[in-house]
Amino acid sequence: GAVIKRYAELLKTKKESGELPPLDDGADEIEKEIYSVVEWASDADRMGYAIKDLDGNGVDELALLRDDCTLASLFTMDGETPISLERNGISIIAIHRDGYVNGSYKNEERGENGVFFKKINGMSLEGFEMVHVTDGEEHSYYKSANGERGEIDSAEWNRIYEMMTAVYGDRIKAPTKS
């Protein structure tokens, strides 16, 4: 309800005026996320959303889509309260029929590129992510799961990436693979 309504209001404003008014200083995290999705839209007419129970728990998830039909944000509900499953700075590339999502992110400040593969579980995403860190000519690779981050070598990075692509094909995209 409220997320879709606000999303539609912001899209209408962007379509009619070509820009959005400044974000209110008191905006909550959900409002900031919705605003960010619409702010970066190049064609408000092509934006959209989808609603589906992705993890089979009886609660629909809401996907806000960019103008190129990729996923911008993913929400679930806790009663009447929307809960963001991933922040907008993360690019969720695909939602799979089995409830898994995969995507990537880039944090230039820390020199990190990451790819993740997680299953929707109620109000959270559970699974693993792989991170490639560059510091000048130095390259480090990590795998994180269950809150633990351990270093892996590039061969392990490539093995996991290839395993993911064997199952999901070209819908899996790593930001950096060497």
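The rules behind the values
Residues numbered from 1 in each chain as written. Predicted model: local features only at pLDDT ≥ 70, side-chain atom pairs only at ≥ 80, totals over all residues. Heavy atoms only, no water. Helix = DSSP H or I, 4+ residues; strand = E, 2+ residues; numbered from the N terminus. Buried < 20%, exposed > 50% of the residue type's maximum accessible area, 1.4 Å probe, protein only. Contact = heavy atoms within 4.5 Å. Salt bridge = Lys/Arg side-chain N within 4 Å of Asp/Glu carboxyl O. 1 Å grid on protein atoms, 1.4 Å probe; cavity = no way out; pocket = protein on both sides within 12 Å on 5 of 7 lines; lining within 4 Å. Points joined across faces, edges and corners; volume = space filled by probe spheres on them. Nonpolar A, V, L, I, M, F, W, Y, C, P; charged D, E, K, R; others polar. Pairing = 2+ DSSP bridges. Phe/Tyr/Trp six-rings, centres within 6.5 Å; stacked < 30°, edge-to-face > 60°. Lys NZ or Arg CZ within 6 Å of the ring centre and 35° of its normal. Polar contact = N/O pair within 3.5 Å; in protein donor to acceptor, adjacent residues only side chain to side chain. Axes fitted to C-alpha atoms, helices over the stretch in contact; angles between N-to-C directions. Left-handed = near helix turned anticlockwise from the far one by under 90°.

A. Region of the structure containing the overall build of the protein. Looking only at helices and strands, the protein features three helices and 10 strands. For the protein, the N- to C-terminal ordering of α and β elements is α-α-β-β-β-β-β-β-β-β-β-β-α. Across the 178 residues of the protein, 42% fall into the buried class. For the protein, the share of sequence-separated contacts (at least 6 apart) that also reach a separation of at least 24 residues comes to 37%.

B. Structural context of the pattern of salt bridges. Scanning all chains against the criterion turns up five salt bridges. With a closest N to O distance of 3.0 Å, Arg159 and Glu156 form a salt bridge. One end of the pair is Arg159 and the other is Glu156, both in helix α3 (residues 154-168) and three residues apart, which spans about a single turn. Here Glu156 falls in the partly exposed class, since its relative accessible area comes to 24%. Each member of the salt-bridge network shares a partner with another, and the members are Arg6, Glu9 and Glu31.

C. Examining the layout of surface pockets more closely. By volume, the second largest pocket is sized at about 180 Å³. If you trace the second largest pocket, you find 13 residues lining it, with Gly1, Ala2, Ile4, Leu62 and Met77 closest to the centre. Broken down by secondary-structure element, the contributors of at least two residues to the lining of the second largest pocket are α1 (2-17), β2 (61-65) and β3 (71-78). Considered class by class, the residues forming the lining of the second largest pocket number eight nonpolar, two polar and three charged.

D. Inspection of the pairing of strand β9 (residues 138-145) at higher detail. Across five bridges, the pairing between β9 and strand β10 (residues 148-152) is antiparallel. Within β10, the position partnered with Ala145 by the bridge is Glu148. Linkage of β9 to β10, two consecutive antiparallel strands, is achieved through a turn of two residues, within which Asn146 is found at a positive phi near 55 degrees.

E. Looking closely at the packing of aromatic side chains. Taken as a whole and judged by the stated rule, the model has one aromatic pair. Seen in terms of ring centroids, Tyr141 and Trp157 are 5.6 Å apart; in terms of plane orientation they differ by 55 degrees. Their pairing is tilted. In this pair, Tyr141 sits in strand β9 while Trp157 sits in helix α3, placing the two residues 16 residues apart along the sequence. Take Tyr141: its relative accessible area is 6%, and that puts it in the buried class. By relative accessible area, which is 0% here, Trp157 ends up buried. Over the aromatic face of Tyr142 sits the side chain of Arg149, whose NZ or CZ is 4.7 Å from the ring centroid.

F. Quick look at helix α2 (residues 29-39). When you tally the buried positions in α2, you get eight out of 11 residues, the bulk of the element. Restricting attention to buried positions, one finds in α2 the residues Ile30, Glu31, Glu33, Ile34, Tyr35, Ser36, Val37 and Val38. With a side-chain oxygen positioned 3.2 Å from the backbone nitrogen of Ile30, the residue opening α2 is Asp28.

G. Local environment of the packing of α1 against α2. At a minimum axis separation of 10 Å, α1 and α2 run at an interaxial angle of 35 degrees. Between α1 and α2 lies a crossing whose hand is right-handed. Seen from α1, the contacting residues are Val3, Arg6, Tyr7, Leu10, Leu11 and Lys14; seen from α2, they are Ile30, Glu31, Ile34, Tyr35, Val37, Val38 and Glu39. Split by residue class, the contact of α1 with α2 holds nine nonpolar, no polar and four charged.

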